[in-house]
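Architecture at a glance
Listed below are the residues making up each chain.
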Amino acid sequence: MPHISLPLVRIAAAAAAVASLAGCVAYPAYPVRPHPAPVAVVEPVAPPPGVVYVAPVGIAPAPGYLWRYHRVYGWGWWHPHYGWRAGWR
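When helices and strands are tallied, the protein chain shows one helix and three strands. Reading the secondary structure of the protein chain in the N-to-C direction produces α-β-β-β. For the protein chain, the residues scored as buried account for 12% of the 89 residues in total. Within the protein chain, contacts between residues at least 6 apart in sequence are counted, and of these 15% link residues at least 24 apart. Per element, the accessible surface of the protein chain, about 8000 Å² overall, is 67% carbon and sulfur.

Now the structure itself:
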């Protein structure tokens, strides 16, 4: 039986380990893109001077909506994430 040196056995074992683990690296199923930084939207808390307050008729359309004044359309429902809802008064 031929004599095999110990360093050759170690190299063969390392190559077998690398070959067996080569398929374990997986790429994500979707492309990973960085999210853009959030943009702060500043809405006025109170209407400007001279604007008459109009009380809302009914209840808010969904949780999180606030009754706010829009400088072009007047009073309406506003949500911090979804923005203005149609149906101006």
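Next, the rest of the story.
Turning our attention to the environment of Trp 77. Its place among the elements puts Trp 77 in strand E2 (residues 74-79). A C-alpha to C-alpha distance of 4.8 Å links Trp 77 and Trp 67, two positions 10 residues apart in sequence. Every residue in contact with Trp 77, bar those within four places of it in the chain, is listed here: Pro 56, Ile 59, Ala 60, Pro 61, Tyr 65, Leu 66, Trp 67, Gly 83, Trp 84 and Arg 85.

The next point concerns the side chain of His 70. Here His 70 shows up in strand E1 (residues 66-70). From its side chain, His 70 meets the backbone nitrogen of Val 72 in a polar contact 3.0 Å long. At 3.2 Å, the side chain of His 70 and the backbone nitrogen of Tyr 73 are in polar contact.

Position of Trp 78 relative to the elements: it lies in strand E2. Residues Trp 78 and Leu 66, 12 residues apart in the sequence, show an inter-C-alpha distance of 5.2 Å.

For helix H1 (residues 6-21), built from 16 residues, the straight-helix expectation of 22 Å at 1.5 Å per residue is met to within 8% by its first-to-last C-alpha distance of 23 Å. With zero of 16 residues buried, H1 is to be regarded as a mostly surface element.

On any regular strand, side chains alternate: one points to one face of the sheet, the next to the other face. Strand direction decides the pairing type here: E1 and E2, joined by five bridges, are antiparallel. When the bridges of E2 are listed, Tyr 69 appears paired with Trp 75.

Let us now look at the sheet that holds strand E3 (residues 83-84). The three strands lie next to each other as E1-E2-E3, forming an open sheet whose pairing is antiparallel. Two strands lie at the open edges of the sheet, namely E1 and E3, each paired on one side alone.

Right, let's talk about the environment of Val 54 for a bit. Tracing the backbone through its elements, the reader meets Val 54 in the loop between H1 and E1. Val 54 gets classed as partly exposed once you look at its relative accessible area, which sits at 34%. Each C-alpha atom, one on Val 54 and one on Trp 67, is 9.5 Å from the other, the two residues being 13 residues apart in sequence. With near-sequence residues (within four places) excluded, Val 54 lies in contact with Trp 67 and Trp 75.

Scoring rules and cut-offs
- Residues numbered from 1 in each chain as written.
- Predicted model: local features only at pLDDT ≥ 70, side-chain atom pairs only at ≥ 80, totals over all residues.
- Heavy atoms only, no water.
- Helix = DSSP H or I, 4+ residues; strand = E, 2+ residues; numbered from the N terminus.
- Buried < 20%, exposed > 50% of the residue type's maximum accessible area, 1.4 Å probe, protein only.
- Contact = heavy atoms within 4.5 Å.
- Areas by Shrake-Rupley, 256 points an atom, 1.4 Å probe, with all protein chains shown as cover.
- Polar contact = N/O pair within 3.5 Å; in protein donor to acceptor, adjacent residues only side chain to side chain.
- Expected span 1.5 Å × (residues − 1).
- Pairing = 2+ DSSP bridges.

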